[in-house]
Amino acid sequence: MNPSMHIPPFDEALRARLQAAVDSKTKPLGALGRLESLAVQIGLIQNTETPALTRPAMVVFAADHGIAHAGVSAYPQAVTAQMVLNFIAGGAAVNVFCRQHGFALEVVNAGVAAPLWAADTPGLIDAPVGPGTRNFAEQPAMTAEERDRAMALGAQRVAHHAALGTNVIALGEMGIANTASAACLMARLCDVPVAQCVGRGTGLDDAGVAHKRTVLEAVMAKHADVRDPLDVLACFGGFEVAAMTGAVIEAAQRRMIVLVDGFIATAAVLAAARVVPDVLRYCVFAHVSDERGHRALLEVLDARPLLSLSLRLGEGSGAVLAYPLLVSAVAFLREMATFASAGVSERA
């Protein structure tokens with residue numbers, strides 16, 4: 001993929017018309033709060049005064065991380081493959097929420113270490129870049145060629161869903177130790193101490209968090225000269241994180257709404273934004289998670305999450321939970337009466 005490709009700009013004249021339409025509804029100015037700015041954003045993304053949401057899709061990218069062997073997770077690496085099988089069987093939280101809210105759900109093996117399935121397993125796109133990344137405590141997680149293949153995989157899956165009519169894409173992930181990857185990406189790309197980015201992940205105790213911080217501080221020192229955003233992604237990322245990065249860029253190029261989940265997904269958006277800053281216009285940030293670093297990362301991106309539910313599951317679960325707010329934003333913009341149409345007197 002070519003990450004320098006053009007991201008469509010927003011039409012400022014359309015922004016004014018959308019805001020005027022919002023303001024003309026039968027309510028006090030600003031009374032629908034965040035739904036109002038969300039409606040305007042969706043209209044700008046779709047480049048229309050009458051936006052519509054069609055065939056929402058969730059793509060969950062799964063991959064393993066070599067850094068897991070440094071003891072930075074509360075769960076063994078085998079859990080990545082086990083959870084992928086759970087996704088395929090329909091038993092994970094993201095499956096439940098996708099069924100509830102009418103999302104198409106796709107699971108992509110971007111690089112899980114354990115080969116527990118055949119290429120024709122129903123419900124799985126089996127396209128591994130490799131059997132997990134390398135341990136970035138010792139060497140970069142992936143080569144530039146592997147990074148580019150992972151990004152292209154993400155772009156390809158977005159293009160597939162766009163061809164089926166999807167204009168809302170949500171991105172999920174599964175990969176033991178991927179909070180360590182996200183913490184390092186955040187630390188380097190935001191130029192903040194890694195200690196501010198390290199959290200409990202899958203449930204580390206205090207001693208586990210301290211060990212994780214020590215390991216990652218040594219990692220950052222070892223790779224101190226890695227600064228270019230794409231090099232940073234190759235050094236610290238996972239195949240699933242790089243795939244989400246490519247997916248975000250592709251979705252923005254296609255004027256799709258990108259519904260962003262938690263810390264890992266936001267780290268992928270950060271990487272995409274460091275390469276192509278305008279992708280942020282196309283992102284709707286679903287929630288602020290309980291993972292340390294996520295709130296600070298959202299602030300760096302000047303992002304305003306829709307929900308705060310103390311989630312820290314990943315999988316894309318929080319993104320799907322926020323979707324009904326997008327539905328409501330579009331519905332009020334399209335269906336709510338105006339003062340003029342309803343014969344209601346406006347404010348004196």
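The notes below deal with the structure included here. (Residues numbered from 1 in each chain as written. Predicted model: local features only at pLDDT ≥ 70, side-chain atom pairs only at ≥ 80, totals over all residues. Heavy atoms only, no water.)

**Digging into the pairing of strand 5 (residues 257-260)**
- Here strand 5 shows no split at all, with Ile-257 and Leu-259 on one side and Val-258 and Val-260 on the other all buried.
- Bridge count between strand 4 (residues 168-174) and strand 5: three bridges; the pairing is parallel. Across the sheet, residue Ala-170 finds its bridge partner in strand 5, namely Leu-259.
- Direction of pairing for strand 5 relative to strand 6 (residues 283-285): parallel, over a ladder of three bridges. Counted as the bridge partner of Val-260 is Phe-285 from strand 6.
- With helix 10 (residues 263-275) bridging strand 5 and its parallel neighbour strand 6, the resulting β-α-β unit is right-handed. (Buried < 20%, exposed > 50% of the residue type's maximum accessible area, 1.4 Å probe, protein only. Helix = DSSP H or I, 4+ residues; strand = E, 2+ residues; numbered from the N terminus. Pairing = 2+ DSSP bridges. Right-handed = clockwise from strand over helix to strand, strands pointing away.)

**As for the packing of aromatic side chains**
- All told, the structure shown has three aromatic pairs when counted by the stated rule.
- Ring geometry for Phe-10 versus Tyr-282: centroids 5.2 Å apart, planes at 65°, classification edge-to-face. Placement of the pair is Phe-10 in the segment before helix 1 (12-23) and Tyr-282 in the loop between helix 10 and strand 6, with a sequence separation of 272 residues.
- The exposure class of Tyr-282 is buried, given its relative accessible area of 0%.
- Each ring, one from Phe-103 and one from Tyr-323, has its centre 4.9 Å from the other, and the planes form 80°; the classification is edge-to-face. Of this pair, Phe-103 sits in the loop between helix 4 (93-101) and strand 2 (104-111) while Tyr-323 sits in helix 12 (residues 317-335), and the two are 220 residues apart along the sequence. (Phe/Tyr/Trp six-rings, centres within 6.5 Å; stacked < 30°, edge-to-face > 60°.)

**Description of helix 4**
- Regarding helix 4, the residues found buried are Val-94, Asn-95 and Cys-98. Seen from one end, helix 4 has its buried residues packed into an arc of 100°, which puts them on one side.
- Close packing links the buried residues of helix 4 with strand 1 (57-63), helix 3 (78-89), strand 2 and helix 12.
- In the stretch just after helix 4, Gly-102 is the one whose phi turns positive, near 75°. (Arc of directions from axis to C-beta. Contact = heavy atoms within 4.5 Å.)

Read these as layout, nothing more, since geometry by itself doesn't imply function.
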